[in-house]
Structure formats: structure tokens, C-alpha cells
Protein chains: 2
Amino acid sequence: SSSMRSSLAGVSGATPTEEMNGAGNLMDFLDEPFPDVGTYEDFHTIDWLREKSRDTDRHRKITSKSKESIWELIKSLLDAWSGWVVMLLIGLLSGTLAGVIDLAVDWMTDLKEGVCLSAFWYSHEQCCWTSNETTFDDRDKCPQWQKWAELMTGHAEGAGAYVLNYFLYILWALLFSFLAVSLVRVFAPYACGSGIPEIKTILSGFIIRGYLGKWTLLIKTVTLVLAVSSGLSLGKEGPLVHVACCCGNLFCSLFSKYSKNEGKRREVLSAAAAAGVSVAFGAPIGGVLFSLEEVSYYFPLKTLWRSFFAALVAAFTLRSINPFGNSRLVLFYVEYHTPWYMAELVPFILLGVFGGLWGTLFIRANIAWCRRRKTTQLGKYPVLEVIAVTGITAVLAYPNPYTRRSTSELISELFNDCGALESSQLCDYINNPNMSRPVDDIPDRPAGPGVYTALWQLALALIFKIVITIFTFGMKIPSGLFIPSMAVGAIAGRIVGIAVEQMAYHHHDWIIFKNWCRPGADCVTPGLYAMVGAAACLGGVTRMTVSLVVIMFELTGGLEYIVPLMAAAVTSKWVADAFGKEGIYESHIQLNGYPYLDVRDEFTHRTLATDVMRPRRNDPPLAVLTQDSTTVEDVETLIKDTDYNGFPVVVSRESERLIGFVQRRDLTLAIKNARQKQDGVVSSSVVYFTEDAPQLPASNPQPLKLRRILNLSPFTVTDHTPMETVVDIFRKLGLRQCLVTRSGGFTLMIRHIVGSETPILSKHTGIVAMK
Amino acid sequence: SSSMRSSLAGVSGATPTEEMNGAGNLMDFLDEPFPDVGTYEDFHTIDWLREKSRDTDRHRKITSKSKESIWELIKSLLDAWSGWVVMLLIGLLSGTLAGVIDLAVDWMTDLKEGVCLSAFWYSHEQCCWTSNETTFDDRDKCPQWQKWAELMTGHAEGAGAYVLNYFLYILWALLFSFLAVSLVRVFAPYACGSGIPEIKTILSGFIIRGYLGKWTLLIKTVTLVLAVSSGLSLGKEGPLVHVACCCGNLFCSLFSKYSKNEGKRREVLSAAAAAGVSVAFGAPIGGVLFSLEEVSYYFPLKTLWRSFFAALVAAFTLRSINPFGNSRLVLFYVEYHTPWYMAELVPFILLGVFGGLWGTLFIRANIAWCRRRKTTQLGKYPVLEVIAVTGITAVLAYPNPYTRRSTSELISELFNDCGALESSQLCDYINNPNMSRPVDDIPDRPAGPGVYTALWQLALALIFKIVITIFTFGMKIPSGLFIPSMAVGAIAGRIVGIAVEQMAYHHHDWIIFKNWCRPGADCVTPGLYAMVGAAACLGGVTRMTVSLVVIMFELTGGLEYIVPLMAAAVTSKWVADAFGKEGIYESHIQLNGYPYLDVRDEFTHRTLATDVMRPRRNDPPLAVLTQDSTTVEDVETLIKDTDYNGFPVVVSRESERLIGFVQRRDLTLAIKNARQKQDGVVSSSVVYFTEDAPQLPASNPQPLKLRRILNLSPFTVTDHTPMETVVDIFRKLGLRQCLVTRSGGFTLMIRHIVGSETPILSKHTGIVAMK
């Protein structure tokens, strides 16, 4: 976790408070700015207004300088372009990383089963592609690709070979997951999980140093490959967003515009998140909307355009690497040949209900398990936990062909329509020998024994996936849950789809089928049901809406199927919302106690600022500083005795009129600096926040002037302001604190709502929730 | 303009200030609420915070009531669903209207040239489709369709027939445009123009009564058909957004949740704008992004999802009407068969530059012409102006086949790739007779004489379109400029495309073509150039970015061509921005003096609130009310003498401590009401804003208690707040006014920044701009 910390150590140049208050001419006692004034401590919230103000000042300076010389003009143009350069670099790097991860996962997943003799770095598919001896029907079997048992004993079939393969499959899985969890434990603890809850929190203005560091980037990339290859029920999509954000943070450090401003940095990170989803699914527009809808907090229009650029660059970089070997951009490319019918909306909506229920079940069970992990002995043995879950997964997964293969392959097969050339078990229909076989438009057929076997296996796989995913998500390895969620939905959807298809075939005369499904027509596409189910389950877990539908739209590429997807997504969200408003990411944010003020929460309590502000009636009085009568010692005592993030500065204790607000960190640094560098500042020196310190007799200790660290425009509301307005202001302006003034009476009372060690937003909402 | 006014007349029920201030128990002298308290006057700005607060109160009330009985629970559920119902209705109606408009325009455009004998209500295309005697090659010529000359004189060919057709073409055009402008003039003046600038202003919180009324909806729909059919250089896309917003406003009146809350109403309107673009182009995702990027001001995530729903419903309604007769959703469906090559980025970027220059030229010339219309005699003869422009357009357009037909048909042809079956002049290439003709993959061929003729005609059409569009946009008829802009770009693009294609064919050995264009290959797709040009020109005029690219993406349906489109859009925006930041809509907003605070404007002045607040040093003092010493007469005098929108209420004139803020309109209504209904309130009655009025001797006149109309939580900032922060607060919170407090000294000074007749935002920005 040291990488980001070190990259942030240099952020001392600017003294924003000085510029903000227009008091630059008051630099009277120090030639250098205070070190670190204007930066934030780890696990603290940033002040969006201040960051914005700093950036405007910076911009203003550059603009005025640019008129001075050609060189400054060029520098200002470079500065204006730096945003685009960062986006380009993010797109290139995250696209490349995604491609490398895809290739490595493919290879290592297959390594669990066997090896390519002609070139050991080929995956099964690549191995058989390059082979000339493969016929089309047998394209999965080629002599170059040998299973471990065949290679070691020479026997490809038989019980012995099966057991040996089984054993080696488990061994490889354990090895991969052990490596993954060890690397995470030793080198980068932040590399675990999906990362999306933390990124949401960071984008909302929280500082978690090292979370997006270089080290995290490296370890997360490597361990993601290991974790996915180990066959655990997890996906790479969420972690890819984290990886892309690490890339974004990395490139921020190239430009002081972004590295020195936490607000601007977050604009870049929003765009990086879009690039991450873009490469995860090959859906650039969906990625941008995901970032807008799900991840980002502050999303100006400029960011929208840049995010789109980054997402596109990333998608095209990935395509030029071509990890799927088919020039397709998208993860699951599907093409359906028949339209859907209104009557089918009923099963689609039922799938939506299933998705919503699954979302609720998963969130509740997973959160309960994660809480148990946090609070009991279980949390102390993360390596053992990963090993145990991997072992169980591998043992149970191997016998079932639908769980043995990688989850994305499974989803891909479930989404597929059964064309004439499809040879999989799921497409084992009984063909009418009298009919000519057109390639695309195959009428409904009765299911063969293969389909019935597949149905049983899929049902078992469904139960297995549902249970194991609950225990997998949240372990100390990189783990996304897009793919497992989609898998659950796709399995359920395919089962429903086949059921509807067979019903329609065998009961053409039923009233529900009569109108749209004549004998010999191709009415039902089970693959579409799988897709709708996947969307419903993903929606139930994450509560995505527009971005979910758009991502699915980009997978199919046709507006035709948007209505079924949308019906399922809406139903799933409604059903899930009925049991609890929070998606999995918000639940994990809450579980971990991150200070996140959800933009979407409706604030329904009827309280006023006066009801929640601190201190309350019986609390000790508000800790304030006076503008011209506090000594250095008083200030130091105050800092030591309290843990507030900052202090209001008032005229005097008698007349508590507000002058401004001073941040704890700035105050500490300023006093430390003055004591070291400024002669005559001793404990009894008076601290002045006024514009001019009075001329004092020489016998008095030298005064300490601190107006430059004083924020002269703190945000205030009256005590009659409804809390919903206050919360709205906090959300929209990204405030760090808010002062409450009461001006009806004779003295002006000042209360800052919250100001303790823990950041304001969480405490703030905490108070409201208590009422 | 009376429809919206009348629909708003009922908005008197709620007394939001009362609920907001939690002073409901003070209803001591009036059983009924004040009529109209809490509504806004025409041409005034709404207070977003107040609207939001009102909605929360409403919601809270319904939630608490819903626990009382089943009936209330059902009512609360209906209320929660009303948003979706409104969206559904908007989608259905705007889709239907768009379909009807498309059909009517098709028919009336063809009516200028001839009539279908078998059924006069058929357009040319429909007429020949239904005919059995048409062969595929001659599919545009069928005996049922007769030109006017043929019908009237029996001669289809010859100079006489040509002149007669020419004459009748002009006559029909003049008739249509005369009807259009007359209808607009007489029945709905607000139906003219594209409507997008006004809708942007309305969505930012301005009230223009009647602008979205039923009458405007009806007249705009009818006159839009007439205006487009008249052959003027205008499109139906912008007006369709206006029509959809009128639908939105219409359905708002069904639910008090929306009709009584100007803030909630604007959420619906944002979604309606998305539906409008969705049906204009058949691009639902693009429509939502257009609404987000270009039109809307306040766009919560809930609106995003609902907008998407409305846009989808609208698109599918339109498709089920099927006005283009091809089951396609999109206006210009294209399918290209060859990829693009990196070297082609050079002409694409050049097209971007052209688009940017065209955007700049168009905006400057059009604004100059509109200003002239506003300020000179020209503006007094709108009917004559329309007639004159229509006449000139018709006279010049008829001889050129590319301007005679409707502009969307022209664009469609320009976008098209020349397939093997294409018989148009633009596809008159010289085929190699030795080659077999595959349907899709036709190698580059030399251009035939038809192509060269087409080039000349296109060049003339380009000049004509550029000039005439400048004079057309802004006349007193419904007119959009998406289509004319795209036409300019498409013509330029197609010309460039053909030039590049012929260069590549004739000079295979040039270094720039060598690497990617072998002889016999299909390298260049001129249709793609047309599309890129159209995107560039549209981008230059409107400054759309993401939504532009997404709309174009939805037209082609493939990610393949996003990079060329994006390159052109980016270049065009940069070039155009270099000459002036404002797009055509912002320019028209400024020209018309609407109070619009652009979210995208960067605020770069370095001023503090103290520099812009009013009154200034030499101004008369701030007009304030005291909490317990102003008489009714004083208040009436103050209202008469000033034109401020509201007044701060202070403790006393000596100690100007702020108590709250009272709106001028509320004050006027409250006093009027009290004088009418409350005995004992006379001119010398004292107005009390305090919580309890003192017990007065019976001889004194009855006091008037007005605390319930007092906003106890007015928004305040300190005078040291930087103006960029103030502007940010105004934008993000949608304030109507802001008070500036100065608390360093002994008295608390209060200044409201602006408060005159014209709404705050424009004045506010006006002040800033003056400095």
C-alpha cells in the first residue's frame, strides 16, 4: 500500500487556501508554502468545493500566463490536452491488460485439464485451431491436445484416467488459488474483492491511499488470472474495473493537473471505470453508462465525452489483441434468427422475478457470511478459507461438464441458439429426417436424450453455483460477481427456455401457443431466455438498470431484444427493491463502514438542521477558536483534546460570530512549521486570524498570523433548514462539513454538524438514521 | 397560449412554505390556504430547492397515510407508479404522432409533384408498391402515379409539361408554407422554431406558460407537416422534441404529483425530450443521451431509467406504425460491407474541419440574420418572409434533382453504399463486363458519366443548402436544423468520398493508397464519407458529442464505424469551439435573452460575492422587511416602489440580522387575501413574521401574522465566497436567489445579489459578465 502514498508525497506545492481567500499578499512570514497544506489524510473525505476552487485558480493562472510568451502558450495547450492524453493512455493500457488477462486465463483454465503438445502456451482451442488434422465435427478433439492422464499414463479413457484427471484438476485449482491468496496477502491486501464498493467510495470523495497504487495494479492483474483460472465461482469483470482505475491513477501522476487535485483525479477515475467495463464486456457505451449510473459520484459532461473516448480506445485495443480469436469485440456474441412474441413476456417476467429473488437471497446471505468472517475466528485464516472453498468447488465442479469448464464459456454456450451445425449436448434435438435442413431457420423440434441429460446437469449446476457463489464473493482474492450472477440467470433461463420450447412443440393447440406458434415454425429461442435470465440476475444483484440493458444490447447488437431484457430488468429491480433498496455494492460499503452518501437514497425524515447538529443540549460547548485571543498553546491543547476535523473561528467567545473555518490538518501543519522556522513563536504567542495583527510591545511574544489557512467562506445553513435540503447540499456540492447558524436570537450560535475523526458523511447520515 | 395557463390555474392547493417551515400549527386566521401561494408567475424562475422540499413533504404525507388503510395504500402505490404511467403514455403518443407526421409528410411532399390515381392518399412509393405492373428496375415509375402535367394535359414529357410541373411544384410549396405560417401566427405563436432553446430554458427552471400547451401541440404537429412538405430547408427533428415535450406536459396534468410541482414536471419533460429524439432518429439510447447532454438541466438517475423507458416505448410505437414501410426503426438505415482504413482518417478529419467551419459560419450568419429580423422592419412581415423564402427555395430547388426531393430522402441516398442493384445516378459506375457481380463485395470501379453529373449537381445543391438554411432557421414556422445540417455534411462527404474513391482507383500506386488499396479491392465507401460528413456538420452546429456519436452508431448498428465518426465529431467540435464556445441553441437562448445559466460554462473571473452583490456602494439601501415593526401599508408601498422578486426579513433596521426571506408574490397574495377575508386588517396593521405576535390593546388594529409565508432557511453565503462557488451553487441547487452575509463587523449585513423583475440567473450572470 506504499505506492500511492509515495506518489502523493510530492503534493505539497500548492497552498490552495491562500489562493482561495485571495490573501496571497499576506505571505509575510514564510517564503515557502506550508508543506502539505491543502492535502488530505488517509481515510478522510475531500472537500469538492475546495478542489474545484483550486483547479479554477490553476486554470486562471495558466490562462493569464499563456498570453505572456509562446512557450507558456504551448504549455497551456499541453495542459488543456493532458486530459485526452491520459484517456488515451488509460484506454491503451487497460485494453492491453484485459487482453493479456483473457489470454492467460484461457491458457491456465485449460492447463487444469491438459496441455498442448505442439506448443504448451496454446490453450485448448488455439491448439486445435492450428492443428490440420481436426475435422469440423471433432473440432474440440485433436491429437496435439492431451489430457494429463493421457500424457502421463498413455490411457485417455477409463476409470483410472478419470480419477487421475480429476485429481490433477483439483491440484491445479488449489495451486492457483493458493498462489493468488498468498500474493494478495503478502504484497497487496487491497487487491482482493471486486473493488467496486471501494472505488465507489473513493469516487465519492474518500481517500484510501494505495488502493489504486501501482503495486495493487500489478498484483491484482496477476492474482486475477490465478483466481479465475482456479475455477472458483467468480468473474473478472469487477476486478477489471479496479485494474482500469489503477491505470487511471497511474497516469494521473504524469500530470500535476490531476495528481495534485483530488477532484480532477476523480474525473479521470470515473472515465477509467468506464474503460474497465468497456473491456470487460466489449461494450463501450454500456461502460460509460455503468460508470455514470453505478460507480461515479460527480460526473460532469466533459467527463462523459472523455469516458466515451477512453472506453472506445480500450475496446479497440482489446479487439486488436483479439483474445477470443474471432475479431468480435464482445464477450458473448449472439445472433438470434427469430423474433420474440408478446406471450413470451410472461416467462421473461417470471425470470425477472427469479432474478430479483436471487439478488435478495445472494445479498442477504453473502453479507451475513461476510459479517461472520469479519467478526469471528474465520477472518483470521483467509488462506485456509480460500483453499477450502477452492477444494470444495473443484471436487464438486469436475463431475458436471457444465461446471467443469470456465463460467464464461458456459454462459456463452447457454446464450447460443442451436444452429444446424451445433454439436453440443444442449442442441441434441430429434430432427425430422424428411426435412431439408436450412442453416438458420430450424423449426421447433422435440428434445433428444442429450437435452434431458443437460437439463439435469444444469439444474445441479444451478444449485451448486447459487450456494458456492455466496461463499466465494468476499474472500481475500480478486473476485467479481458479474459472471457468476449471469451464470445463475443463464442456467435458469435456459431451463425455462427449453421447457417453454418443448411445451410449445408438444402442445401447439394450447390456447397460449395457438396464436403465434404454428407446427413447423421456429417459435422459441432458448438462448434468448438464457440471456434474459442473465440480465435479470445481474440486475437483481447490482441493481443496474440502463447500463445493464445497454450492455446486453451491445452484446446482441439489435434493438429487437431490448423489450424482453428491459421487462426482466425492471421486474428484477422491483422485486429486489421490495426486499431492500441496497445492491450488493452498497451493502458491502455499509458492511465495511465506508463513508458513502448514496445519491439515490431518498431522504424522508422530517427533521431540521437544528435537530441533528452537534453539540446537543447536554454536550460540552462547541470547540471554537477566536480570531485574536487564542494562544498557540490553547490551539495545541484543543487539537490534542479533540478529534474534530476542523474548528470554526469566531470573533470572540462572547459574540460567537462566525469568521471562517480552519481545518485541523492545516492548523497542525502551520503551527509545526511556524515553531520550526519562525523565530519568536512560542506557546504564549497569540494566533491571529484577522487581516492585520495589532502592533504589540516588544516584550510580548511574536504573534502568529494564520489568516491564510482560514477558509473565509465556510458553508452555512440556518438551523431551520430541513435536513433533506442539507443532505442535498452535501451530495451535490460534495461538502466536507457544514456550519449551522442561528440568527434569530441575540448571539449567533455556530454548530458544526459533525467533526470527529470519522469523516463527516457517515457520521452525518448516522445521526439522521438514529432519529 | 391559454391552455397551460388554464391547466396551471388549479395549482393553488398546496401551501408549501407552511409545510417547509414546519409551522402548520400557525394556521390561526385562515382556514383555507392562500390561493396560489407557492406558484410562480409567467416568465419567472422556479426555486428547485423549494420544489424538491414540497415533493418530499408530499411523499412523506402519502407514506404515513398509506399505513392507515388499504385504500390509502393503493393510492400510494398508484402514486408511485404514476411516473411509469406518464412515461408509457408519452412514449405511445409521441411515437404515434411521429408516425403520423412521417406518413403525412411523405404524402404531401409527393403531392407537390403528382398524385396516385388508384388512391390519392398514397405517396409515390406506396402507390408503386401496391402496383403489380412495376418491374424492379422501374420501381419508381408506375402507371398509377401521374405527375400533374400528365394528369392535366396528358403529356408526361416535353417542355410544356416541365414548366407546368415546375409551376405547380412552386404553387403547392407556397400554399403549404402559407398555411403553416398563418396557423402559427393565428393560433399558436409558440409553435414556431425548433423549440429546443426554449425547452432548454424551461428545463433549467424557467416558466413560459403555454409553451408546452395542448394548443401548441396541435398546431405544431400540423404546421410541422406543412413546413416540411413545402420543401423548405428544414427538418422535423427539433420540433419533434418540442412535440414530445408538449405530450409530456399534457400527461403531467393527469397527476397532481407532476402538475403541481414544477420540479417534478421538469423530470417528465426531460424524459419526453429523450422520447422525441428517439422517434426522430429511431435511436432510443441516443435520445436519452441527447436529453442528458444537450437538453436537460437537472437529471437524476431515476429520470435516466424512465427516459430510457419512454424512448423505447416511443421507438416501438413508431416501428409498429411503420411509416418507412421497411420495418426499420431508424431514419437512415445503412449497411456497409467494407472496413475503413487508417489512411482514411485524413479525409475524415478534414470533413471534421469542414463541419466545424460550417457550424461557425452557420451560427454567426444565422444569429446575425435573426438579430436583424428582431431589430428591423423585417420582423414585422413574418408571413411575407416565409412566402418569399419558400418561393426562392422552390424556384431554385426544382431544377436540381438533389434538392427537389425531400432532404431526408437525399441524405438516405447519400449514405447508401452502391450495391449491385442500385440504379441511382450516384451509382453509375463503369462495370468490368468480365467480372462476375457479387451482390455485396463490388471492387472499386471507375465513375461513369452519371457520377460526374451527380457531382456537379451535388456541388450546386451544397451551395444552395448552405445559403438557404441560414435564412430559413428562425422563421415563424416549425423548423429543425438537424436534417439541413446533416444534408450539408452528407453532400460534402459524398463528394469527398467519390473523389477519394476515384483517386484510389486511378492511382493504386500512390504511396498513400499502396498499403491498403490493391487493384480489384473494394477500398473506399463513399456513403461512409457522407455519414461522417453529416456527423461533423451536425456536431459543428449543435456541439453534441456523445449523443451524436451514439445516434450515428444506432443508425449503422456496428461499432466498426465509431472511430471515423468520433474523429470527425471531435475535430468538428474543436474547430468550432475555437471560434466560439456556443452552439446554435445557446446562441439563440442568448439572442432571445432567456435566463439560462449554462452548466458547461467555465467561470474564470476572479471575483468574490462582495464584488457583485447589490446594492453597491452608491445604491439606495437594501429593501428589507423587519420582523415586527412594518405595517401593511409599508409593505404595500415597498411592493409598489420596487420590482424585486422577494425581500429579506430582518430583526430590526438597527441590527440587520437575517430571519428569513419572503417572496414578493406570496406577500402580495397574502396581504390581498387578508384584506379581503380577515376582519380588522387595515393599512396600519403591523405585519408580524415572529412566531408569536404580542398581545396588543384592543384599540390597536389587528396584527397580520405572516410567518407561514416566510422561508426560514434562505440560502446564504459569506461575502468572501468566490463567485465560481456561488455560480456552482446556483447551478447545482437551482437557487432562485442567494443572500450575502457579512459577519466580521458588528452588524450583520444582508444583500440579495439580484432581485429585480427579470429573473435572477440572467441578471446574475449579467453582472458577472460586466466585470
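Residues numbered from 1 in each chain as written. Chains lettered and ligands numbered in written order. Predicted model: local features only at pLDDT ≥ 70, side-chain atom pairs only at ≥ 80, totals over all residues. Heavy atoms only, no water.

- An unreviewed UniProt entry lists chain A under the name Chloride channel protein, from Echeneis naucrates.
- Under the UniProt heading Sequence similarities (unreviewed entry), the entry covering chain A gives this text: "Belongs to the chloride channel (TC 2.A.49) family." (UniProt positions renumbered as here; feature names shortened; annotations may be inferred.)

What about the overall build of chain A?
Here comes step 1: Along chain A, the regular secondary structure elements total 30 helices and 12 strands.
Here comes step 2: Out of the 771 residues belonging to chain A, those deemed buried represent 61%.
Here comes step 3: Within chain A, contacts between residues separated by at least 24 positions form 74% of all contacts whose residues are at least 6 apart in sequence.
Here comes step 4: If you sum the accessible surface of chain A, you get close to 29900 Å²; carbon and sulfur atoms cover 59% of it. (Helix = DSSP H or I, 4+ residues; strand = E, 2+ residues; numbered from the N terminus. Buried < 20%, exposed > 50% of the residue type's maximum accessible area, 1.4 Å probe, protein only. Contact = heavy atoms within 4.5 Å. Areas by Shrake-Rupley, 256 points an atom, 1.4 Å probe, with all protein chains shown as cover.)

What to know about the pairing of strand E5 (residues 646-650) of chain B
Residue and element names in this part refer to chain B.
Here comes step 1: The element E5 is largely enclosed, with a buried count of 5 among its 5 residues.
Here comes step 2: Of the two faces of E5, the one holding Gly646, Pro648 and Val650 and the one holding Phe647 and Val649 are both buried throughout.
Here comes step 3: Bridge count for strand E3 (residues 625-626) against E5 is 2 bridges, and the pairing is parallel. Its bridge partner lying in E5, Leu625 is registered against Val649.
Here comes step 4: In terms of strand pairing, E5 meets strand E6 (residues 658-663) through 5 bridges, oriented antiparallel. (Pairing = 2+ DSSP bridges.)

Points about the packing of helix H12 (residues 262-281) of chain B against helix H14 (residues 301-321) of chain B
All names here are of chain B.
Here comes step 1: Viewed as axis vectors pointing N to C, H12 and H14 meet at an angle of 35 degrees, and their least axial separation amounts to 8 Å. Judged by the sense of rotation from one axis to the other, the crossing of H12 with H14 is right-handed. Every residue of H14 that contacts H12 at Glu267, Ser270, Ala271, Ala274, Ala275, Ser278 and Val279 is listed here: Thr303, Ser307, Ala310, Ala311, Ala314, Ala315 and Leu318.
Here comes step 2: Of the residues that constitute the contact of H12 with H14, the class distribution is 9 nonpolar, 4 polar and 1 charged. (Axes fitted to C-alpha atoms, helices over the stretch in contact; angles between N-to-C directions. Left-handed = near helix turned anticlockwise from the far one by under 90°. Nonpolar A, V, L, I, M, F, W, Y, C, P; charged D, E, K, R; others polar.)

What to know about the sheet that holds strand E9 (residues 710-711) of chain B
All names here are of chain B.
Here comes step 1: Taken in spatial order, the 4 strands of this open sheet run E3-E5-E6-E9, and their pairing is mixed. This sheet does not close on itself; its edge strands, each paired only once, are E3 and E9.
Here comes step 2: On the sheet, helix H28 (residues 664-677) packs against E3, E5 and E6 and is oriented at approximately 75 degrees with respect to E6.

Here's the deal with the nonpolar core
Here comes step 1: One finds Phe308(A), Phe415(A), Phe308(B) and Phe415(B) to be the most contacted residues of the largest nonpolar core, which totals 362 residues.
Here comes step 2: Here Phe308(A) is in contact with Ile285(A), Val288(A), Val546(B), Val549(B), Val550(B), Ile562(B) and Met566(B), once residues within four sequence places are set aside. (Core = buried A, V, L, I, M, F, W, Y, C linked by side-chain atoms within 4.5 Å.)

Quick notes on the state of the cysteines
Here comes step 1: Counted by the stated rule, this structure contains 2 disulfides over all chains.
Here comes step 2: The disulfide partner of Cys116(A) is Cys127(A), and the gap between their sulfur atoms is 2.0 Å. A torsion of 80 degrees about the S-S bond marks the disulfide between Cys116(A) and Cys127(A) as right-handed. Pair noted here: Cys116(A) is in strand E1 (residues 114-116) and Cys127(A) is in helix H5 (residues 124-130), with a separation of 11 residues, a long-range link. The burial state of Cys116(A) is the same as that of Cys127(A); both residues are buried.
Here comes step 3: No disulfide involves Cys370(B); its sulfur sits 10 Å from the nearest other cysteine sulfur, which is in Cys192(B). (Disulfide = S-S within 2.5 Å.)

Let's talk about the environment of Trp456(A)
Here comes step 1: In this fold, Trp456(A) is placed in helix H19 (residues 449-472).
Here comes step 2: In this structure the C-alpha to C-alpha distance between Trp456(A) and Ile495(A), which are 39 residues apart in sequence, comes to 9.4 Å.

Notes on the packing of aromatic side chains
Here comes step 1: In this structure the tally under the stated criterion is 45 aromatic pairs over all chains.
Here comes step 2: With a centroid separation of 5.6 Å and an interplanar angle of 40 degrees, the aromatic rings of Trp172(B) and Phe176(B) are classed as tilted. Of this pair, Trp172(B) and Phe176(B) both sit in helix H7 (residues 159-187), 4 residues apart, which is roughly one turn of that helix.
Here comes step 3: Here a set of aromatic residues connected by ring pairs shows up, and it is made of Trp81(A), Trp84(A), Trp305(A), Phe308(A), Phe309(A) and Trp574(B).
Here comes step 4: When the ring centre of Tyr398(A) is taken as origin, the NZ or CZ atom of Arg404(A), which lies over that ring, is 4.0 Å away. (Phe/Tyr/Trp six-rings, centres within 6.5 Å; stacked < 30°, edge-to-face > 60°. Lys NZ or Arg CZ within 6 Å of the ring centre and 35° of its normal.)

Overview of the pattern of salt bridges
Here comes step 1: Considering all chains together, one arrives at 44 salt bridges over all chains under this definition.
Here comes step 2: A salt bridge links Lys200(B) to Glu586(B), with the nearest nitrogen and oxygen atoms 2.4 Å apart. Of this pair, Lys200(B) sits in helix H8 (residues 196-203) while Glu586(B) sits in helix H25 (residues 584-591), and the two are 386 residues apart along the sequence.
Here comes step 3: For Lys200(B), a relative accessible area of 0% gives the class buried.
Here comes step 4: Measuring nitrogen to oxygen at the nearest pair gives 2.9 Å for the salt bridge that ties Arg675(B) to Glu636(B). Pair noted here: Arg675(B) is in helix H28 and Glu636(B) is in helix H27 (residues 632-641), with a separation of 39 residues, a long-range link.
Here comes step 5: Relative accessible area serves as the criterion here: at 35%, Arg675(B) is assigned to the partly exposed category.
Here comes step 6: Given a relative accessible area of 28%, Glu636(B) falls into the partly exposed group.
Here comes step 7: Several salt bridges converge on common partners, so that one network encompasses Asp55(A), Arg58(A), Asp79(A), Lys257(A), Lys264(A) and Glu267(A). (Salt bridge = Lys/Arg side-chain N within 4 Å of Asp/Glu carboxyl O.)

A short note on H8(B)
Residues and elements named next belong to chain B.
Here comes step 1: With 8 of 8 residues buried, H8 is to be regarded as a mostly interior element.
Here comes step 2: The set of residues buried in H8 consists of Ile196, Pro197, Glu198, Ile199, Lys200, Thr201, Ile202 and Leu203.
Here comes step 3: Tucked inside the fold, the buried residues of H8 contact helix H3 (48-66), helix H10 (237-252), H12, helix H13 (284-295) and H25.
Here comes step 4: After H8 finishes, the residue Gly205 shows a positive phi value of roughly 115 degrees.

Details of unusual backbone geometry
All names here are of chain A.
Here comes step 1: Phi at Arg543 is positive, roughly 60 degrees, even though this residue is not glycine.
Here comes step 2: One can find Arg543 in the loop between helix H22 (526-542) and helix H23 (546-556).
Here comes step 3: On the basis of relative accessible area, Arg543 is assigned to the buried category, the value being 5%.

A few points about the sheet that holds strand E8 (residues 704-705) of chain A
Residue and element names in this part refer to chain A.
Here comes step 1: One open sheet holds the 3 strands; their spatial order is E4-E7-E8, and the pairing between them is mixed. For this open sheet the edge positions go to strand E4 (630-631) and E8, each flanked by a neighbour on one side alone.
Here comes step 2: Sheet analysis places E4 next to strand E7 (residues 686-688), joined by 2 bridges and oriented antiparallel. Directly across from Thr630, in E7, lies its bridge partner Val687.

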